[in-house]
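Residue-level listing of the chains:
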Amino acid sequence: MPPPASPAVDLSFRSGSRRSIMRALIPALVLMTSGCLSDLWADASRKFPAIDATSSSTGTTSTGSSDGDESTEGVQTVTGATTSTSTSAGVSSSSTTGEQEVTKPTIAVFTIEPSFLSEAGPAVLHLEASADVVAVELRVDGVLAQTTAPDAFAYEFFATSAAMANGEHEFEVRVFNDDGAKAVAHATLTVLAPPAGTERCTFAEQAGTMSWISSVVYETDALLAAGTIATDDGLRAAVWRLDPDTCAPLPGWPRTLTQWTAHFEWMAVTSQAAALAVDDLGYLAVAANLGAAPLSQPYLALLSPEGSAIWEYLGSPGDEIAGVAAARAPDEHLLAVGSRVTSLEPISYDAIVWSYTPSKNHTVVNVLSAPLQADEAPDESNTLSERLRGVALHPSEDTMVLVGERTYRSKVLPAQRERAFVARFSPDGAYLGQWTSDGNWTLHDGARAVSVCGDSLVMGGWGREVDEVNPLTRFIELDGTAADRRPELIAGTLTRGIACDREGKVFSAGTQELLGDSNGRVFAFRDADSPLAYDIKHGGESLDGFNAASCDERGFCAAGGVQTTQVKIQAFLRVYHP
């Protein structure tokens, strides 16, 4: 039966026990019949459930803050990177009526390791929560970053550069159980990375009477370089394996061709390494030239990660190798590019492409010569030159992209122009097409290097009107065209190596020649329209320059080449902060 009318009673409580609730109800209860008392008791029980036990923790903890109008009871907050242990009654105070008990989840550990970064790199979150947790929610700097099951929780924060990551970063985790109850914890990461372009480490070869680096490649746990060391016996192709953090040579390196080749007759021949690539299994493809130009012979070797020769190839005199790339596993093809001498007086070349299958000892050779497109004049006497300089595997399709320079002469205007060009091949050597610059920035331009940049490719080279060259970067589309470009007004500078860091900044390394002096020059930019992130000159009044560039997965970029000291010309490499 419904209760009779009763005086108004204030039942708004933030917290308290059932005994407090009952004190407030007594004046009303005495007015009711015994038959209605049980109904009112049930109604009050539904509106005012028993208050739950709260979580407590040791270590660096503080009381959690409320989210809107949510109750903060049972909320645990862990600050900083201190590992905190949490204890809890786990069960709410129970009444004599046998009501269902409610359990709060707990967070035992929520840390980020390391809690301080002084350079680009990762920091990993660690979470340990009670077994009743069914969902985890993570916010990074106030933004929801992840919602997942506790067993699937994993989060890595990556500091990419001072410009993008310096400062304090706050991480908040919320865990929930089946009842919807939650616990909250916090952790803080501090990043203080040096400015972009700051030197991280350097390497200079001390052995030999002279040395230089022609190619640089990062792999998972090392920085590799290929070049040449001059000994008392002459020039020898060499490969260095360096510590990626300190630039120090690893034990047993460098290794020269005389140490890995199985052919005694090649040990005594002059050799110079031109390019280097690493396949998915860690094997090294080393491209070199044996003998003296212009009648040198192209050499390619596949080395084990330890530097032992697995397979070797020697090509024909007059062919020069300039670049090499490896296909994706399980495809074992190696694609090398370069040029073939077609005339010694005056000197001229055709572009040449080699596709190697080491396990089958099989080689496919393709030659590219003018005319390559319909709008250019024929070259019956083959006096126009085409030279390929670099090659890279496209990141999103099974295509090799080749870049270089060629002499172009249109049907309309007989004047000859030097132009950059792009060719595409399948890894097994099938020709897929080409693109030639239309000279939309300067009368003459060329390409010396190509690299993966995110899901596309960039190529670096030069442009000039008459004599003075300036750096020119082009962005290669999926179809192989490269009309979009970015010029730099850095007089006398030619880009020889190009790469992209983790943020997508383009890193360019080359040589600046002014008034008989040459210096290494590196610069970087975020996109075609942004200002330079940095522009650095290396060297003095001597022979210095960079020939190659590479960036690792953390964003550090290396430039390799040569520097001149008071003692000798030596292979030189410098690594820069992103």
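A short tour of the structure in this document, coming up. (Residues numbered from 1 in each chain as written. Predicted model: local features only at pLDDT ≥ 70, side-chain atom pairs only at ≥ 80, totals over all residues. Heavy atoms only, no water.)

### What to know about unusual backbone geometry
Working note: non-glycine residues mostly have negative phi, and peptide bonds are mostly trans. In the segment running from tryptophan 253 into proline 254, the intervening peptide bond is cis, with an omega of 10°. Examined against the element boundaries, proline 254 turns out to sit in the loop between β16 (234-242) and β17 (255-256). A cis amide bond, omega 0°, links alanine 370 with the succeeding residue proline 371. Among the secondary structure elements, proline 371 is positioned in the loop between β25 (362-368) and β26 (386-393). Although it is not a glycine, asparagine 361 adopts a positive phi angle of roughly 50°. Within the secondary structure, asparagine 361 is located in the loop between β24 (347-357) and β25. (Helix = DSSP H or I, 4+ residues; strand = E, 2+ residues; numbered from the N terminus.)

### Remarks on the nonpolar core
One finds Ile107, Phe110, Leu127, Phe171, Val173, Val175 and Leu189 to be the most contacted residues of the largest nonpolar core, which totals 23 residues. Those elements that place two or more of their residues in this core are β5 (107-113), β7 (121-129), β8 (133-140), β10 (156-159), β11 (167-177) and β12 (182-191). Here this core takes five residues from β12, the largest share from any one element. Those residues in contact with valine 173 that lie beyond four places of it in its chain are Ile107, Phe110, Leu127, Val136, Glu137, Ala183, Val184 and Ala185. Ranked by size, the runner-up nonpolar core spans 19 residues in total, among them Ala548, Phe556, Leu573 and Val575. (Core = buried A, V, L, I, M, F, W, Y, C linked by side-chain atoms within 4.5 Å. Buried < 20%, exposed > 50% of the residue type's maximum accessible area, 1.4 Å probe, protein only. Contact = heavy atoms within 4.5 Å.)

### A word on a nonpolar patch on the surface
Residues Leu295, Leu344 and Ile347 make up a contiguous nonpolar surface patch of about 280 Å² in total accessible area. Note that leucine 295 resides in the loop between β19 (284-290) and β20 (297-303). (Patch = residues over 30% accessible without salt bridge, like charges linked within 9 Å, V, L, I, M, F, W, Y side chains within 5 Å. Areas by Shrake-Rupley, 256 points an atom, 1.4 Å probe, with all protein chains shown as cover. Salt bridge = Lys/Arg side-chain N within 4 Å of Asp/Glu carboxyl O.)

### Concerning the sheet that holds strand β40 (residues 569-576)
Pairing is antiparallel in the open sheet, where four strands are placed in the order β13-β40-β39-β38. Of all strands in the sheet, those with a lone pairing partner are β13 (199-204) and β38 (545-551), marking the two edges. In this sheet, adjacent strand axes meet at a mean angle of 20° when their direction is disregarded. (Pairing = 2+ DSSP bridges. Axes fitted to C-alpha atoms, helices over the stretch in contact; angles between N-to-C directions.)

### Describing the sheet that holds strand β36 (residues 517-525)
If you trace the four strands from one edge of the open sheet to the other, you get β34-β35-β36-β37, paired in antiparallel fashion. Each edge of the open sheet carries a strand with a single partner, namely β34 (493-500) and β37 (532-538). Ignoring which end each strand starts from, the neighbouring axes of this sheet average 20° apart.

### As for the packing of aromatic side chains
All chains considered together, the criterion is met by ten aromatic pairs. A centroid spacing of 5.7 Å and a plane angle of 85° characterise the contact between phenylalanine 157 and phenylalanine 171, whose relative ring orientation is edge-to-face. With phenylalanine 157 in strand β10 and phenylalanine 171 in strand β11, this pair connects stretches of sequence that are 14 residues apart. A ring pair is formed by tryptophan 311 and tyrosine 356, whose centres lie 5.5 Å apart and whose planes are at 65°; its orientation type is edge-to-face. With a gap of 45 residues between them, tryptophan 311 in strand β21 (residues 309-314) and tyrosine 356 in strand β24 connect regions that are remote in the sequence. Each of the two residues, tryptophan 311 as well as tyrosine 356, counts as buried. Put simply, the rings of Trp311, Tyr313 and Tyr356 pair up and form one aromatic cluster. One Lys or Arg, arginine 200, reaches over the ring of phenylalanine 556 and ends 3.9 Å from the middle of that ring. Its guanidinium or amino end placed over the ring of phenylalanine 158, arginine 502 lies 3.6 Å from that ring's centre, counting from NZ or CZ. (Phe/Tyr/Trp six-rings, centres within 6.5 Å; stacked < 30°, edge-to-face > 60°. Lys NZ or Arg CZ within 6 Å of the ring centre and 35° of its normal.)

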